[in-house]
Amino acid sequence: MSRIRTRVRPDAEAPAATDTTARRYENRLLLILFLAFGFVFFDRQALPFLAPYIAKDFHLSNTELGTLSGVLALTWALSGLVAGHLSDKLGRRRPILIAAVVLFSCFSAAGGLMTGFLGLLVARALMGVAEGAVLPLAQSLMVEASRESRRGLNMGLLQGSSAGLMGGILAPLAVVWLAELHGWRTALLVTIVPGLLIAAWIAKSVREVPPGGRVQVAAADAEVIPETTAGPKPSVREVLGHRNIVLCMAIACCYLTWFIVIVTFTPTYLLTVKGLSPSTMSGVMTCLGVGWVLWGFLTPAVSDRMGRKPTMIAFSATAALCPLAVVYVTDPVVLGLVVVLTYTGLGCFTLFMATIPAETVPRGALATALGLVMGVGELAGGFLAPVIAGRASDVWGLQTAMFISAGGAVAVVLLSLGLRETAPGVLRRRAERAEAAVGPGAMVAGAAE
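None of these values were measured; they are calculated from a predicted model. (Residues numbered from 1 in each chain as written. Predicted model: local features only at pLDDT ≥ 70, side-chain atom pairs only at ≥ 80, totals over all residues. Heavy atoms only, no water.)

A. Representation of the nonpolar core. Counting residues in each nonpolar core, the largest one holds 127 residues, and the members touching the most others are Tyr255, Phe259, Tyr343 and Phe352. Here this core gets 22 residues from one element, more than from any other, and that element is helix α1 (residues 16–58). Residue contacts for tyrosine 255: discarding those within four places in its chain leaves Met312, Phe315, Ser316, Ala319, Gly345, Cys348, Phe349, Phe352 and Val412. (Core = buried A, V, L, I, M, F, W, Y, C linked by side-chain atoms within 4.5 Å. Buried < 20%, exposed > 50% of the residue type's maximum accessible area, 1.4 Å probe, protein only. Helix = DSSP H or I, 4+ residues; strand = E, 2+ residues; numbered from the N terminus. Contact = heavy atoms within 4.5 Å.)

B. Geometry of helix α17 (residues 399–416). A rise of 1.5 Å per residue sets the reference length of α17, with its 18 residues, at 26 Å; its end C-alpha atoms lie 27 Å apart and thus fit the reference within 8%. Along α17, the residues that are buried comprise Thr400, Ala401, Met402, Ser405, Ala406, Gly408, Ala409, Val412, Val413 and Ser416. Where the residues of α17 are buried, they touch α10 (243–273), α12 (308–319), α13 (321–328) and α16 (366–396). (Expected span 1.5 Å × (residues − 1).)

C. Focus on the pattern of salt bridges. Enumeration over the complete set of coordinates arrives at 2 salt bridges. Of the charged contacts, one joins aspartate 304 and arginine 308 as a salt bridge, the two residues approaching to 2.7 Å between their closest N and O atoms. Judged by its relative accessible area of 15%, aspartate 304 is buried. You can call arginine 308 buried: its relative accessible area is 2%. Of the charged contacts in the structure, one is a salt bridge between arginine 308 and glutamate 359, with a shortest N-O distance of 2.6 Å. Taken together, the residues span a long stretch of sequence, with arginine 308 in helix α12 and glutamate 359 in the loop between α15 (345–358) and α16 at a distance of 51 residues. (Salt bridge = Lys/Arg side-chain N within 4 Å of Asp/Glu carboxyl O.)

D. Representation of unusual backbone geometry in the model. At histidine 59, a residue that is not glycine, the phi angle is positive and equals roughly 55 degrees. Tracing the backbone shows histidine 59 in the loop between α1 and α2 (62–90).

E. Looking closely at a positive patch on the surface. Among the surface-exposed residues, Arg305, Arg429, Arg430 and Arg433 lie close enough to one another that they form a single positively charged patch. Examining the composition of the positive patch, we find that 3 residues originate from one element, helix α18 (residues 424–448), more than from any other. Relative to the helices and strands, arginine 430 is located in helix α18. Assessed through its relative accessible area of 35%, arginine 430 is described here as partly exposed. (Patch = residues over 30% accessible without salt bridge, like charges linked within 9 Å, V, L, I, M, F, W, Y side chains within 5 Å. Areas by Shrake-Rupley, 256 points an atom, 1.4 Å probe, with all protein chains shown as cover. Lys, Arg positive; Asp, Glu negative; His and termini not counted. Charge placed at Lys NZ, Arg CZ, Asp CG, Glu CD.)

F. The environment of valine 40, seen in detail. Inspection of the secondary structure puts valine 40 in helix α1. The class of valine 40 is buried, set by a relative accessible area of 0%. As for valine 40 and glutamate 131, which are separated by 91 residues in sequence, their C-alpha atoms are 6.4 Å apart. Not counting residues up to four positions away in its chain, the partners in contact with valine 40 are Trp76, Phe104, Glu131 and Val134.

G. Region of the structure containing the side chain of threonine 344. As for its placement among the helices and strands, threonine 344 is situated in the loop between α14 (332–342) and α15. Taking relative accessible area as the criterion, threonine 344 reaches 2% and is therefore assigned buried. Separated by 2.6 Å, the side chain of threonine 344 and the backbone oxygen of phenylalanine 315 make a polar contact. Within polar-contact distance, the side chain of threonine 344 engages the backbone nitrogen of alanine 319 at 3.3 Å. (Polar contact = N/O pair within 3.5 Å; in protein donor to acceptor, adjacent residues only side chain to side chain.)

H. View of α13. Listing the buried residues of α13 in full gives Cys322, Pro323, Ala325, Val326 and Val327. Residues of α13 that are buried sit in contact with α10, α11 (278–306), α12, α14 and α17.

Structure representation (structure tokens):
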């Protein structure tokens, strides 16, 4: 049976004052990275919400809208793969993170200056290059500063709730409001401001090593090399030797299909097929954001107690209902309620993109593993899926995109059946039950001898 070890460097044995400092830093880091990744998704989600306005000016087809979403995912994926491996090799994440935040803010604003489809395509591609580096670096910084009891919650807030609050709630309200008042170009141009402020905060407050030393997380069957020992970093092949990593990569492909397709085409579907007004569409999309925030931290917290594997299965099955509700629920108020209750998949993103890989591989391969999962998922689910769904929608109607999205979530359920449990608390309880079960028998055998 695989166990999870949580170990702190011997030189990190510190008095209570140091422990208090470490906890304060953990909370401050969580807030900074929460805002940083939240604004990543604010910028990424701005385009789908502005798509009806941009499509009208540039005369874009559904295929072209899907391509704009897909090219960002493509460069995001390649950047995540390179940035994760590079940061593991160099042992430095903070400078790369600062540069990434500054650049994605600039490229997001540049989209508002473009005069046609090709210019916007280039701006989105460059934006993806910068944004792709943020998540694996932020995740690896956060997991090393997190106590075991807070790991699932912290990762859920960082990846799930932040993106939901900024990209799912604030983005549709803010960018649609700005587009209605001042045009879609202004809505894109103002996105540069918060990113530059966050970059300055990262430069001032984020440390490469948290106070008290890094909390190390690794599977018991993985070799852990002490930080004071210079040893070879695990290769990509060794990382891929873990079944959970391979399954998380496949899950990422399917879950990104579910997510990217639904957020790319739902605003246009609600406006053009269901005939909702822009304000009503914005309200329904905000309900998606509410569900995103809610399940973004509840799902990982539940997994700390219930286990990663059963949580992935149950919440992914629920997520498959969300795109179907977009098609079949006619009343916008009822639709808003249903999507809040069924938009559970974003909480699972934290599990397969961060928590499960972090609990599977040694620290020296952490950013590499996170980059692989995110990168492969973005290539297939983020890049190919919206292009295919856009083309299918041009041929068979926009409802086809919703069916493709639902199919992605169903595939996740099937893949999750093969995961190995990694939640420390769950594995500890299993070990205690196993010891209790064999204890009396062992004692009787010892007495007989």
